[in-house]
Amino acid sequence: MEPDEVVRQLFERMQAREWAAASAVVSPDATVRYSATGEVFSGASFMAMNEAYPEGWTIEVIDIVGSGPRVAAQVRVPHGDQIDWLSGFYTVVGGVIVEGVEHWVTEHSEPAPVWRAPFTIH
């Protein structure tokens, strides 16, 4: 399986709540870092944390782009009235994710700086 397909399979399997299948594309020894909080997870704890996440969310893959073993993903995650966005960057070796960094942001969670108002189109 190509690296971009490995990452796509991770999100599709997570969306389907197929946790064993999702875990199969993440090395148990992988490291996944959340930039916003500074947390670092092993692959096994990353998958356990995602499985334990409170229900009600949906994963919508917007785009996946790969170049060799490096893969970037843009994912939209609605959860009730909140919409989160993920920009994730992964390294895939031997058909499994061995490293990742995920940048999460909640849509409309920060006010726009006033100084940028003259430059926006909305």
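Residues numbered from 1 in each chain as written. Predicted model: local features only at pLDDT ≥ 70, side-chain atom pairs only at ≥ 80, totals over all residues. Heavy atoms only, no water.

When helices and strands are tallied, the protein shows 3 helices and 6 strands. The order of α-helices and β-strands along the protein, N terminus first, is α-α-β-β-α-β-β-β-β. Taking the principal axes of the C-alpha coordinates as reference, the protein spans close to 50 × 35 × 25 Å. Sorting the 122 residues of the protein into buried and exposed places 33% on the buried side. A separation threshold of at least 6 residues defines the contact pool for the protein, and within that pool the share at least 24 residues apart is 40%. Just so you have it, the protein exposes about 7300 Å², and 56% of that area is on carbon and sulfur atoms. (Helix = DSSP H or I, 4+ residues; strand = E, 2+ residues; numbered from the N terminus. Buried < 20%, exposed > 50% of the residue type's maximum accessible area, 1.4 Å probe, protein only. Contact = heavy atoms within 4.5 Å. Areas by Shrake-Rupley, 256 points an atom, 1.4 Å probe, with all protein chains shown as cover.)

Turning our eyes to something else, we now look at the environment of G43. Within the fold, G43 resides in helix α3 (residues 43-52). With 14 residues separating them along the chain, G43 and D29 place their C-alpha atoms 5.4 Å apart. For G43, the contacting residues outside a window of four places in its chain are V26, S27, P28, D29 and A30.

So, on to the nonpolar core. When a protein is soluble and globular, its nonpolar side chains tend to lie buried together. Judged by nonpolar contacts, the single largest core of 26 residues is most densely connected at V7, L10, F11, M47 and I97. When residues of this core are traced back to their parent elements, those giving at least two are α1 (3-15), α2 (19-23), β1 (26-34), α3, β4 (70-79) and β5 (82-93). Ranked by the residues each element gives to this core, the list is headed by α1, at 5 residues. Ignoring any residue separated from it by four or fewer positions in sequence, one finds I97 in contact with V6, V7, L10, V25, V26, S27, A30, Y90, T91 and V92. (Core = buried A, V, L, I, M, F, W, Y, C linked by side-chain atoms within 4.5 Å.)

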